[in-house]
Amino acid sequence: MVQYGGDEVSALVVDIGSSTLRAGYAGDDTPKAIIPTSYGFIPQNVNPDVTMADTSGETQQEAPKEQNRLYIGQHGPSIWREGMQIGNPMKDGLINDFAPIGPLISHAFKDVMQCDPKEHPILVTEPAWNTSANRERMAELMFEEFDVPAFYIANTGVLNAFAAGKGSALVIDIGQTTASITPVVDGFVLRKGEQPRSFRSSPARCCKRATFAHESKPQPPPQSNSSPIN
């Protein structure tokens, strides 16, 4: 438990990865919510950004654009729906699209954990190569959409080192789409020493390709053990 405003309030931790989004209470050994980062959506008809005039010469107001309906959670993208497409807001370990991030975090907090983020400080993890624009957008999302009382962004390499009881460590993190090596010295990341690398394809796809290549390889004809008859 942490002290905030004189009261004991447990902070919430959000860890967004390319495969799953994990959320839970600070101090717990495991997260309370683990949901897929991928989501399903059905594209809606979008009106063009033009204004048209009718025969009377009056300008018609442009109709508002329809937003895509998102299907998130454990059974969101995994259930077939007609016309549904699969999207992922992450690219190279960074958030590339913030539009589904809000619904994903809201689903983890309100539907899975059944807690109100307005009553808890929030800690969000970030990779060492995160950009200042992403930090600003995440802070804007937390304060304006979730109305959190306090917010902090922490580096994943530093958190992993502290979790192991080390202030200085060489952290190797292998995820679904990226792998990184982050040197941490006295709780600070050495920016010049970090080495992030992106996979051209996910490990699962690599395994599938190897399996399909093995199955498609022509097999030699079976040899007969019987001796020829004279």
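So, how was this worked out
- Residues numbered from 1 in each chain as written.
- Predicted model: local features only at pLDDT ≥ 70, side-chain atom pairs only at ≥ 80, totals over all residues.
- Heavy atoms only, no water.
- Pairing = 2+ DSSP bridges.
- Helix = DSSP H or I, 4+ residues; strand = E, 2+ residues; numbered from the N terminus.
- Axes fitted to C-alpha atoms, helices over the stretch in contact; angles between N-to-C directions.
- Salt bridge = Lys/Arg side-chain N within 4 Å of Asp/Glu carboxyl O.
- Buried < 20%, exposed > 50% of the residue type's maximum accessible area, 1.4 Å probe, protein only.
- Phe/Tyr/Trp six-rings, centres within 6.5 Å; stacked < 30°, edge-to-face > 60°.
- Polar contact = N/O pair within 3.5 Å; in protein donor to acceptor, adjacent residues only side chain to side chain.
- Contact = heavy atoms within 4.5 Å.

Asker: Talk me through the sheet that holds strand β12 (residues 151-155); I want residue IDs and the actual numbers.
Answerer: On the basis of which strands lie adjacent, the open sheet formed by five strands has the order β5-β4-β3-β11-β12 and mixed pairing. Looking at which strands have only one partner, the edges of the open sheet turn out to be β5 (33-36) and β12. Pairwise comparison of adjacent strand axes, ignoring direction, gives a mean angle of 20° for this sheet. Note: strand β11 (residues 122-126) against β12, five bridges, orientation parallel. Each residue of the ladder has a partner; that of valine 124, found in β12, is isoleucine 153.

Asker: Account for the pattern of salt bridges, with residues named and values stated.
Answerer: As enumerated under the stated definition, the model contains three salt bridges in all. In this structure, the salt-bridge partner of arginine 22 is aspartate 15, at a minimum N-O distance of 3.0 Å. On the basis of relative accessible area, arginine 22 is assigned to the partly exposed category, the value being 25%. Residue classification places aspartate 15 among the partly exposed residues on the basis of a relative accessible area of 24%. Across the pair arginine 135 and glutamate 126 runs a salt bridge whose closest N-O atoms are separated by 2.9 Å.

Asker: How would you summarise the packing of aromatic side chains if you had to cite specific residues and measurements?
Answerer: As enumerated under the stated definition, the model contains three aromatic pairs in all. For the pair tyrosine 39 and phenylalanine 41, a centre-to-centre distance of 5.9 Å together with 40° between the ring planes defines the contact as tilted. The pair formed by tyrosine 39 and phenylalanine 41 is uniform in burial state, with each residue classed as buried.

Asker: Just give me the short version of the side chain of asparagine 134, but keep the residues and values in it.
Answerer: Here asparagine 134 shows up in helix α2 (residues 132-145). A residue is classified by how much of its surface remains accessible, and asparagine 134, at 14% relative accessible area, is buried. Here the side chain of asparagine 134 touches isoleucine 95 through a polar contact of 3.2 Å, landing on its backbone oxygen.

Asker: So what about the sheet that holds strand β6 (residues 39-42)? Which residues, and what values?
Answerer: Pairing between the strands of a sheet comes from backbone hydrogen bonds, and it takes one of two forms, parallel or antiparallel. Judged by pairing direction, the sheet is antiparallel, and its three strands sit side by side in the order β7-β6-β8 without closing on themselves. In this open sheet, the two edge strands, each paired with only one partner strand, are β7 (69-71) and β8 (85-87). In this sheet, neighbouring strand axes are inclined to one another by 40° on average, regardless of whether the strands run parallel or antiparallel. By the bridge criterion, three bridges tie β6 to β8 in an arrangement that is antiparallel.

Asker: Quick one: what's the story with the environment of alanine 26, residue by residue and with numbers?
Answerer: Here alanine 26 shows up in the loop between β4 (20-25) and β5. Not counting residues within four places of it along the chain, the set of residues in contact with alanine 26 comprises Ala11 and Val13.

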